[in-house]
Amino acid sequence: MSTPLARPIPALGAARTARLPIVAERTLDSGLRVLAVRRPGVPLVELRLRVPFSGKGANHAAKAQLLGDTLLSGTDRRTASQLAADLQALGGSLSASTDSDRLGLGGSVLASGLPALLTLIGEVLTGASYPRDEVQGERERLVQELVIYRSQAGTVAREALLSRMYGKHPYGREMPSGEAVEAVKASALRSLHAKRVAPGGSVLVLVGDLSPARILDLVEQSLAGWAAKGLAAVAPPLPDPPGGPALLIDRPGAVQTTVRMAGCAPSRTHPDHAAFTLANLVFGGYFSSRWVSNIREDKGYTYSPHSGVEHPPAGSRVTLAVDVATAVTAPALLETWYELGRIATLPVSQGELDQARRYAVGSLALSTASQAGLASTLSALTASNLGIQWLRDSPKALAAVTVEDVLEAAARYLSPARLTTVLVGDRTQVEGPTARVLPLVTS
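Residues numbered from 1 in each chain as written. Predicted model: local features only at pLDDT ≥ 70, side-chain atom pairs only at ≥ 80, totals over all residues. Heavy atoms only, no water.

Undergrad: How should I be thinking about the sheet that holds strand S11 (residues 420-425) in this particular structure?
TA: Pairing between sheet strands relies on hydrogen bonds along the backbone, with the strands arranged either parallel or antiparallel. In spatial order, the strands read S9-S10-S8-S11-S7-S12; together these six strands make up an open sheet with mixed pairing. The open sheet has two edge strands, strand S9 (306-310) and strand S12 (440-442), and neither has a second partner. Put simply, the sheet's adjacent strands are angled 20° from each other on average, direction ignored. Pairing of S9 with strand S10 (residues 316-325), which is carried by five bridges, proceeds in the antiparallel orientation. Counted as the bridge partner of glutamate 310 is arginine 317 from S10. Where helix H16 (residues 427-435) meets the sheet, it contacts strand S7 (246-250), strand S8 (256-265), S11 and S12, and its direction lies at approximately 160° from that of S12. (Pairing = 2+ DSSP bridges. Helix = DSSP H or I, 4+ residues; strand = E, 2+ residues; numbered from the N terminus. Axes fitted to C-alpha atoms, helices over the stretch in contact; angles between N-to-C directions. Contact = heavy atoms within 4.5 Å.)

Printed below as a string of structure tokens:
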């Protein structure tokens, strides 16, 4: 039997220009900014509320974490179980979270249930009660959870990395200490809520099967009672990166070494953003990258190295993450530095650039294809003072990037000397070989 001839793969067509939905926007008298987007594919509405919530020190981190964990534990009108039952009856969901920059509320609901959901949210924002028993239970759970997290090498490495990069800046401590959590009382959460959960500087995004103009009126009516006068608290400017040798944290008996490297990256509003996005993809930002090809496919040192960019409002960062077998720690670091040095000093090929460009444009389109994805993306963009137009401008900027632009961005941000490095592994096995590859201090 003859083997059928392989047919050539057709060339990719030109990327289509995104058709942006219309956004209706209003800033209420309270200072709350509201954005409503019609996306009627399914009869749902996705909601994202972002409240600036930065603060310094372990005490703030502990209180902020517990506040997010217990925000939906009851109001002055409903218990936690009543609140959950009422949400379920609406066909809706609601959750709260916090990080170094913000308190977030996210949820979805059938379009017909949006007025009732907004009423419940208004009740939570103005009357969250933080019952003592609920706070105590969450406090005990969080203390145990922190112990588990900090037993993991990835958590140890990330905490050390952020601490080295940012010191006492709020970004230097993502997780509170157990001792700080144990000291938080329900009364402290009520006080923090009254002072900091305020509409001024906050942004509410709604995406779904809605009439934008009518929804703005509905939000204004439903959240009229949320008029706290607290000030938006944003993170201060970042300190200069410290540089210095890699830090090795001893983890006796570890069969793997956890490697984390990070450095400054251009924000979404920076002229270098598009070029660096593509430089990072070519280096290690997706499965077809050089780093993956080298230390996974060719050398077999690891399973899934990855280089990703985070965009917190005070300053973006690129983070390299990989776990390698203890015995190949030094060779894996050598190859990593080789790939970093190569992309920072030699031009990428046009083929690599075009492939990365297609991936970046396609990923953005996929991430905003659903109501939930568009709501989350638009909420994140507001933290950088960007709007939905960025979804059209970004592909255009990516399309204009040249090989020379990528080289300049890589030299500026991916040079290995510019990155802060932390290793967590068995010092007796790792220190000697690794010290021959890069400067090293131990802890």
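Back to the write-up after that little detour.
Undergrad: What's the story with the pattern of salt bridges in this structure? I'm lost.
TA: Side-chain pairing between opposite charges can occur once the charged atoms of the two side chains come close. Across all of its chains, the model carries 26 salt bridges by this definition. Taking the shortest distance from any N to any O, the salt bridge between aspartate 86 and arginine 78 comes out at 2.6 Å. Judged by relative accessible area, which is 30%, aspartate 86 ranks as partly exposed. Overall, the relative accessible area of 25% leaves arginine 78 in the partly exposed class. Between arginine 141 and glutamate 138 there is a salt bridge, with its nearest N and O atoms 2.9 Å apart. (Salt bridge = Lys/Arg side-chain N within 4 Å of Asp/Glu carboxyl O. Buried < 20%, exposed > 50% of the residue type's maximum accessible area, 1.4 Å probe, protein only.)

Undergrad: What exactly am I supposed to notice about helix H3 (residues 114-127) here?
TA: Side chains of residues three or four places apart in an α-helix project in the same direction, reflecting 3.6 residues per turn. The end-to-end C-alpha separation of H3 is 19 Å, in line with the 20 Å expected for 14 residues at 1.5 Å each. Counting buried residues in H3 gives ten out of 14 residues, a clear majority hidden from the surface. Among the residues making up H3, those that are buried are Leu114, Leu117, Leu118, Leu120, Ile121, Gly122, Glu123, Val124, Leu125 and Gly127. (Expected span 1.5 Å × (residues − 1).)

Undergrad: Honestly, the pairing of S8 in this entry has me stumped. Any pointers?
TA: Every other side chain in a regular strand lies on the same face of the sheet, so the side chains alternate between the two faces. For S8, the tally of buried residues reaches eight of ten residues, placing the bulk of the element in the interior. Here S8 runs beside S10; their pairing, made up of ten bridges, is antiparallel. Paired with arginine 260 across the strands is alanine 321, a residue of S10. As paired strands, S8 and S11 are joined by five bridges and run antiparallel to one another. Residue pairing in the sheet places alanine 262 in a bridge with threonine 420 of S11.

Undergrad: I tried to follow the side chain of serine 73 on my own but got confused; where do I start?
TA: For serine 73, the location among the structural elements is in the loop between helix H1 (57-70) and helix H2 (80-89). In this view, serine 73 contacts Ala80, Pro131 and Glu134; residues no more than four positions away in its chain are not counted.

Undergrad: Mind showing me how you'd approach the sheet that holds strand S6 (residues 203-208) here?
TA: As summarised here, the arrangement of the six strands in space is S1-S2-S6-S3-S5-S4, forming an open sheet in which the pairing is mixed. Since the sheet does not close on itself, it has two edges, and those belong to strand S1 (23-27) and strand S4 (93-98), each with one partner. This sheet shows a mean twist of 10° between the axes of neighbouring strands, independent of strand direction. Here S1 pairs with strand S2 (residues 33-38) via five bridges, running antiparallel. In the strand pairing of S2, glutamate 25 is matched with leucine 35.

Undergrad: Could you clarify how one ought to interpret helix H9 (residues 273-285) in this entry?
TA: End to end, H9 covers just 14 Å across 13 residues, shorter than the expected 18 Å (1.5 Å per residue, more than 12% under). Most of H9 is tucked away: twelve of the 13 residues are buried. Three or more residues of H9 are buried, namely His273, Ala274, Ala275, Phe276, Leu278, Ala279, Asn280, Leu281, Val282, Phe283, Gly284 and Gly285.

Undergrad: Help me understand the packing of helix H12 (residues 350-367) against helix H14 (residues 390-399) in this model?
TA: How two helices sit against one another is set out by the angle between their axes and by the gap between those axes. One can describe the packing of H12 onto H14 by two numbers: an axis separation of 10 Å at closest approach and a directional angle of 175°. Between H12 and H14, the angle falls in the class roughly antiparallel. Of H14, the residues touching H12 (which contributes Arg357, Ala360, Val361 and Leu364) are Trp390, Leu391, Ser394, Pro395, Leu398 and Ala399. Classifying every residue of the contact of H12 with H14 by side-chain character gives eight nonpolar, one polar and one charged. (Parallel < 35°, antiparallel > 145°, perpendicular 65-115°, else oblique. Nonpolar A, V, L, I, M, F, W, Y, C, P; charged D, E, K, R; others polar.)

Undergrad: Just to check I follow, could you spell out the nonpolar core for this structure?
TA: The nonpolar side chains of a soluble globular protein tend to be buried, and buried together. Judged by nonpolar contacts, the single largest core of 52 residues is most densely connected at Leu204, Leu206 and Val219. Of all the elements, H3 adds the most residues to this core, at seven residues. Once residues within four sequence positions are removed from consideration, leucine 204 is found in contact with Leu32, Arg33, Val34, Leu35, Leu47, Arg48, Leu49, Val219 and Leu223. (Core = buried A, V, L, I, M, F, W, Y, C linked by side-chain atoms within 4.5 Å.)

Undergrad: Explain the packing of H9 against helix H11 (residues 329-345) here, please?
TA: With their axes 10 Å apart at the nearest point, H9 and H11 run at an angle of 150° to one another. With respect to each other, H9 and H11 are oriented roughly antiparallel. Our pair here, H9 against H11, has a crossing hand that is right-handed. In this structure, H9 uses Ala279, Val282 and Phe283 to contact H11, whose residues at the interface are Thr336, Glu339, Leu340 and Ile343. Among the residues making up the contact of H9 with H11, the classes are represented as five nonpolar, one polar and one charged. (Left-handed = near helix turned anticlockwise from the far one by under 90°.)

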